[in-house]
Structures are given as C-alpha cells and as structure tokens.
Amino acid sequence: MSDILEVYVTNAFVADNQGGNPAGVVINGDGLTVAQMQSIAAELGYSETAFLSPSKKADYRVRFFTPAEEVDFCGHATVGTFSTLFKTGKIEAGEYKQETGAGVLGVTVAEDGRINMEQVLPEFGENFSEEDIAPLLGLAAEDILATGMPIKAVSTGLWDIIVPVDDEAKLLTIKPDQKAISAFNRKTNTGAIHAFALTPTESDISARCRNFAPALGIDEESATGSAAGALASYLHIYQGGKYRYLFEQGEVLNKRSLLWASVESVNDKISAVFVGGSSDKPIRIPYRLEEEAV
C-alpha cells in the first residue's frame, strides 16, 4: 500500500514572473513523521520544503525542512505555501495565521496573489570582525569597513550574519569559501551569511543581496525571505530609520528575485516586520510515499 502526497513546487519572490527561489510545498503533511519529512525534503532537493498540517493555534501548522535539517522559519517557503494554497483554490484572499517553530505569525494574501508575511520581531546579536568575515567571502577587510556599518548577527526567525559590502560589483564577484562559512556558522550558532550592497539612491532597489547557508545544505540561495526581514531591520537601525525596502537577490544564479520588506516602529523601537513577494504558478509533483519507506 502507498500514500499519495499532494506535493507542489513554486518559485517564490519572482521578478516579472521569472526567477525566484523554488520551494517544495506538501499540502497534506499531517501523519508524516519527522524522519519522513526530512527524507522527502532531501529527495526533492529544494532549499526548503514546507509541510502543512492542522493547528489548534492557527489556520495551519507549517514545518520547514532544508535538505539537511528542520528550521524554525522560512520566508520564501511561506510565500510559496500560501501562494500555492491560493492558486489551487484552497484558500481565498484574506488574512491567515501560521504556526511555525518561530511562533504564530500572520500572513496576508492579496487579491492579486501577492503574499505579505509577518516576521518575528528582530533580535540583534553579536558583532563580528571584518578580519574574520572578509576571507570567508574572498573580500578584503576594507571592502566591508568602507561602508561604515557593522557586521551583525540579526534574526527575524533565523540568525543571519549581515555583511555590508561597499560596492555592488564586489558583491557580485564574491567567491565564498563554503566549508569555512559552514564551520563559522556552526561555531557561532548562526544559519547563514547574508551579504548586501546598497544601490544608488535613484534606484528602485534598496540593496542587492547574496545569501550563503552551506551549514543548512544551501551553498547559495536566490531569495531568502527571513534574511530580508533581518536586513530591513538592520538598515532601519544603521541607515537612518527608513521603513520600506526592495531587495534584489539571485542575479548571479540567473534567478533574479525581488523581495519587499517593511518595518514599523513605535518610539524608535521596531514593533513589526513584514516581507512580501509573489510566486509563479505552482506545479504538482507526482509523489507516492511507499509503505516500506515509512
């Protein structure tokens, strides 16, 4: 006997319906064991796969797995999940709640299918030295120092090391040492390095970004929603209190992606963080869970 799972893939944070970051979405994930979910995520091979099940606290419980391990939250898989539910007719436009490992978070589905998701309020962790981080990315310490901004661990659901780079061209030519990055992330209990370069003030794009998470089984990701929230929070603090951002990611992977992010504050303290984007049409993947694999 075998169980047929309802599995989809969709690209989240697409730019003009192209590019984006593929996420797996398993609609009927209830009844699966953790080992089964991990095995399915590894077999599908996307940077994250989301598994839906009923929740007593929210509209859905959503669990996120990389090919290597479970993570508390994933931005692009959240966008992919609720876009898939909407585009397959399982939900209508409106406001929803998802129960995640990072907490119960709101998700808004617009009439045009765009998804806007609440993220955990930011935590700001330790600073790191340019001398430690620059070699991991094939940069000189001065490439970071020249920005006047710190290297900082920030989390809006997952810990990212936010790394400012003083020039877009240098960002795009980063040569990551994946083994060294993985070791550094594990040593510092962080998930990824998220490097960015600010764009000219006349550009619609606030910053271009690259995300490296080899410790999670992802050498480089084309769109990282959790890191977009962390970066927006970082820039709100270190770049003069701006509130709305548009980030571009994935260009070097030929998967150009656009991520909207916004920050709200009360009395100069961040009170809410949101990240939004669109997905392309979900594609159903035939998947049969064999009994002997259970």
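This is a predicted model, so every value here is computed, not measured.

Chemist: Please clarify how the packing of aromatic side chains should be interpreted in this entry.
Modeler: Here a ring pair, both rings aromatic, is described through the centre-centre distance and the interplanar angle of the planes. Following the criterion strictly, the structure yields eight aromatic pairs and no others. Summarising the aromatic geometry, the rings of Phe82 and Tyr96 are spaced 6.3 Å apart at their centres and angled 40 degrees between planes, so their arrangement reads as tilted. Here Phe82, found in helix α2 (residues 75-87), pairs with Tyr96, found in strand β7 (residues 94-100); they are 14 residues apart in sequence, far enough to count as distant. On the basis of relative accessibility, which here comes to 0%, the residue Phe82 falls in the buried class. Taking 4.9 Å as the distance between ring centres and 50 degrees as the angle between the ring planes, the aromatic pair formed by Tyr234 and Tyr238 counts as tilted. Note that Tyr234 and Tyr238 are positioned in helix α7 (residues 225-238) at a spacing of four residues, about one turn of the helix. Here the aromatic residues Tyr60, Phe82 and Tyr96 are joined through ring pairs into a cluster of three or more.

Chemist: For this particular structure, what's the right way to read the domain arrangement of the protein?
Modeler: Interfaces are often described in size by the accessible area the parts lose on coming together. With domains assigned, the protein is organised as domain 1 (4-114 + 279-288) and domain 2 (123-276). Listed by partner, the interface residues are 22 residues for domain 1 and 21 residues for domain 2. The contact between domain 1 and domain 2 buries some 1500 Å² in all, and 58% of this surface belongs to carbon and sulfur atoms. When the buried area of domain 1 at its contact with domain 2 is split by residue, Phe13, Phe73 and Arg114 rank highest and sum to 34% of it. Counting across the domain 1 and domain 2 interface gives zero salt bridges. Summed over the shared surface of domain 1 and domain 2, the number is eight residue pairs in polar contact (both at pLDDT 80 or more). Those elements that provide at least two residues to the side of domain 1 that touches domain 2 are β3 (21-26) and α2.

Conventions we followed
- Residues numbered from 1 in each chain as written.
- Predicted model: local features only at pLDDT ≥ 70, side-chain atom pairs only at ≥ 80, totals over all residues.
- Heavy atoms only, no water.
- Phe/Tyr/Trp six-rings, centres within 6.5 Å; stacked < 30°, edge-to-face > 60°.
- Helix = DSSP H or I, 4+ residues; strand = E, 2+ residues; numbered from the N terminus.
- Buried < 20%, exposed > 50% of the residue type's maximum accessible area, 1.4 Å probe, protein only.
- Domains from an automatic or database assignment.
- Contact = heavy atoms within 4.5 Å.
- Buried area = accessible area lost by both parts, 1.4 Å probe.
- Salt bridge = Lys/Arg side-chain N within 4 Å of Asp/Glu carboxyl O.
- Polar contact = N/O pair within 3.5 Å; in protein donor to acceptor, adjacent residues only side chain to side chain.

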